[in-house]
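# Per-entry structural report
Below, each chain spelled out in residue letters.
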Amino acid sequence: MGLGYGGFDQKNTTYLIFLFLSLYLYLKIKYARINSKNIDKFSELVEELIINKKFPEASVLIEKNIKSIEDIDGGVSFRNWLAKKINPQDELSYFLKDEEKSDGYFKEKYSVQIKLIADKIRKNDESKEIASALIIRVFNDKSFIKHLSISKPYFLVDVLKRKTICSEQIIKLFINSLIEDLGSVYYFEFENNQNLLTSNRYYLNPSNQFLNGIFSDCSICKDLAIYKPVGDKVCNFIDYDKKLVCKYNESLGNYYENHKFQCPVYTGIQFFNVMILESMHQGIQWHMWLYYYQSFTGKILKNMNPDSSVDESVEWPTPFHFHLYMMITNCLDWIYECQDVDGESVFKFNGTSLAHDNSSILKSSALCLGNMIYSIISSSKISNNFKVYIIEIVLRNIKDNKYDLRLSDIHHVMMKSILFNGYHNKIDFNYLTSFKELCDDVDHMIMFELKDFDKLLNLSIDACKKL
């Protein structure tokens, strides 16, 4: 039969050799640990895999060993630590040191000898340089980052949280890759994160690792400016994606029920909503660039051109109208969420003028709200029906909360912001008279309850007439 000893022929033997070899390589990769002695070989292997576009293999190795690489990059060898102890000054400080400062008799007398001893002990830490170069190489390869964004997004979030990556371009590439792929965790997790902790604040489900990773500590969003690529990408979609703009100008249809969570504009709006609410509860008062909503509003109005078949008498005639509604109501949610935030610091800001206060989410929200309303009311592309709808939403919120004395100052800011174009603080007679006419169609009980607002509106119109 041609069988050798024990029933093995040549084919069986070859198969077993390859099987054991594969097992050996698997175990070697699985249990191998990267250290300063083998970081050079590891770097060469990763480099070769990335050059040959073998991203799955490279990503497994990087994910498994990233902490070891970071430790080597951030570590200091014993010899260099000892050299630093002996002579704490670096070479530049040694030559530029202040002559008036005394290092003590011993160090003054033997400074040259101390430096020579430290230099003899100190060694060039090649492994540290290799680890640093490897991190730069891996996380600056656009194709590889794009692969990681889709296949291992939670790993990239973890790396971001440890601030191994701080490059604006890499963060931009990561976020853009997620937004461009409708099957990414970005869309999936926003759709599957709808439960609330308060009236407005979302419960971040631990299973949604992307949202948890970036919002559980919003200082990461702030420090790494993660909001910027999201905001810029939404702006680009509205400006340049003509196919998408056409859809947004069609009748709403089943967009609200079936498509909003696959929409880059809606999820971008929701990104800021969740981020701002979480920031407030985490004690972050800086505005977190919520003013991107103003940019979104301006670009939506610029590109709004409802299809002739659109019924403009319905609540949300088009997806664009729905987006405007969402931004207005989100701004209101940020303002009134302060009622559920622990402590009183959230209510503090720099007075009731329309001057910026970048250290107050509360006031920034009111200023942003006023600017958006000014833009909507001033637009010839928006029907009076929708304008009245927006005004009524805002004024009803002020009416319903006017007895909370903690909100009296922010309500003053909101009323002025609505009439005077937010922080622009601009008195526009045409705008004010248009606003007055629209208010005639607002629920009269709302206007009756808001006598202060009605008085401010009339006084502002009278002041314009006297100019």
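A few points on the structure. As the structure is a computational prediction, the values presented were derived from the model and not from experiment.

The rules we used
- Residues numbered from 1 in each chain as written.
- Predicted model: local features only at pLDDT ≥ 70, side-chain atom pairs only at ≥ 80, totals over all residues.
- Heavy atoms only, no water.
- Helix = DSSP H or I, 4+ residues; strand = E, 2+ residues; numbered from the N terminus.
- Buried < 20%, exposed > 50% of the residue type's maximum accessible area, 1.4 Å probe, protein only.
- Areas by Shrake-Rupley, 256 points an atom, 1.4 Å probe, with all protein chains shown as cover.
- Expected span 1.5 Å × (residues − 1).
- Core = buried A, V, L, I, M, F, W, Y, C linked by side-chain atoms within 4.5 Å.
- Contact = heavy atoms within 4.5 Å.
- Patch = residues over 30% accessible without salt bridge, like charges linked within 9 Å, V, L, I, M, F, W, Y side chains within 5 Å.
- Salt bridge = Lys/Arg side-chain N within 4 Å of Asp/Glu carboxyl O.
- Lys, Arg positive; Asp, Glu negative; His and termini not counted.
- Charge placed at Lys NZ, Arg CZ, Asp CG, Glu CD.
- Axes fitted to C-alpha atoms, helices over the stretch in contact; angles between N-to-C directions.
- Parallel < 35°, antiparallel > 145°, perpendicular 65-115°, else oblique.
- Left-handed = near helix turned anticlockwise from the far one by under 90°.

Quick look at the overall build of the protein chain now. Scanning the protein chain from terminus to terminus reveals 26 helices and zero strands. A total of 467 residues make up the protein chain; the buried ones form 47% of that total. Carbon together with sulfur atoms contributes 54% to the accessible area of the protein chain, which is approximately 24300 Å² in total.

Taking 1.5 Å per residue, 18 residues should reach 26 Å; helix α18 (residues 264–281) reaches 26 Å between its end C-alpha atoms and fits that length. Of all 18 residues that make up α18, 17 are buried, and the element is covered over most of its length. Following α18 by one or two positions, G283 adopts a phi angle in the positive range, close to 80°.

With that out of the way, let us pick up the nonpolar core. Of all hydrophobic cores here, the largest spans 143 residues; its most connected members are F139, F215, F271, Y293, I373 and F435. With twelve residues, the single largest contributor to this core is helix α20 (residues 319–337). If sequence neighbours within four positions are ignored, F271 has contacts with Y186, F190, I214, F215, I226, Y227 and V230.

This part is about the environment of G231. Tracing the sequence through the fold places G231 in helix α15 (residues 227–240). When its relative accessible area of 0% is taken as the criterion, G231 is described as buried. Separated by 41 residues in sequence, G231 and F272 have C-alpha atoms that sit 8.5 Å apart. G231 has contacts with F272, Y292 and F296, leaving out every residue within four places of it along the chain.

Turning our attention to the environment of I165. Locating I165 in the fold gives a position in the loop between α10 (153–161) and α11 (168–180). Linking I165 and F139, residues 26 residues apart in sequence, is a C-alpha distance of 7.3 Å. For I165, the residues in contact, after removing those within four places along its chain, are F139, L156, V159, L160, I170 and L224.

Judged by side-chain charge, D40, E44, E126 and E129 come together as a negatively charged surface patch. The set of elements that each furnish at least two residues to the negative patch consists of α2 (39–51) and α8 (126–138).

This brings us to the environment of A366. Mapping A366 onto the fold places it in helix α21 (residues 361–378). The exposure class assigned to A366 is buried, which follows from its relative accessible area of 0%. For the pair A366 and V413, spaced 47 residues apart in sequence, the C-alpha to C-alpha distance is 6.7 Å. Among residues more than four places away in sequence, those in contact with A366 are I335, I410, V413, M414 and S417.

So, about the pattern of salt bridges. Inspection of the entire model under this criterion finds 16 salt bridges. One salt bridge connects R162 with E70, and the closest N-O pair in it is separated by 3.0 Å. Of this pair, R162 sits in the loop between α10 and α11 while E70 sits in helix α3 (residues 55–74); the two residues are 92 residues apart in sequence, bridging distant segments of the chain. Given the relative accessible area of 17%, E70 is considered buried. For E392, the salt bridge goes to R396, with nearest N and O atoms at 3.7 Å. Within this pair, E392 and its partner R396 are both found in helix α22 (residues 384–400), separated by four residues, close to a single helical turn.

Let's shift gears to the packing of α20 against α21. As a packed pair, α20 and α21 sit with axes 9 Å apart at the nearest point and diverge in direction by 155°. When the axes of α20 and α21 are compared, the pair comes out roughly antiparallel. For α20 against α21, the interelement crossing comes out left-handed. Across the interface between the two elements, L324, M327, I328, C331, L332, W334 and I335 from α20 touch L362, S365, A366, C368, L369, M372, I373 and I376 from α21.

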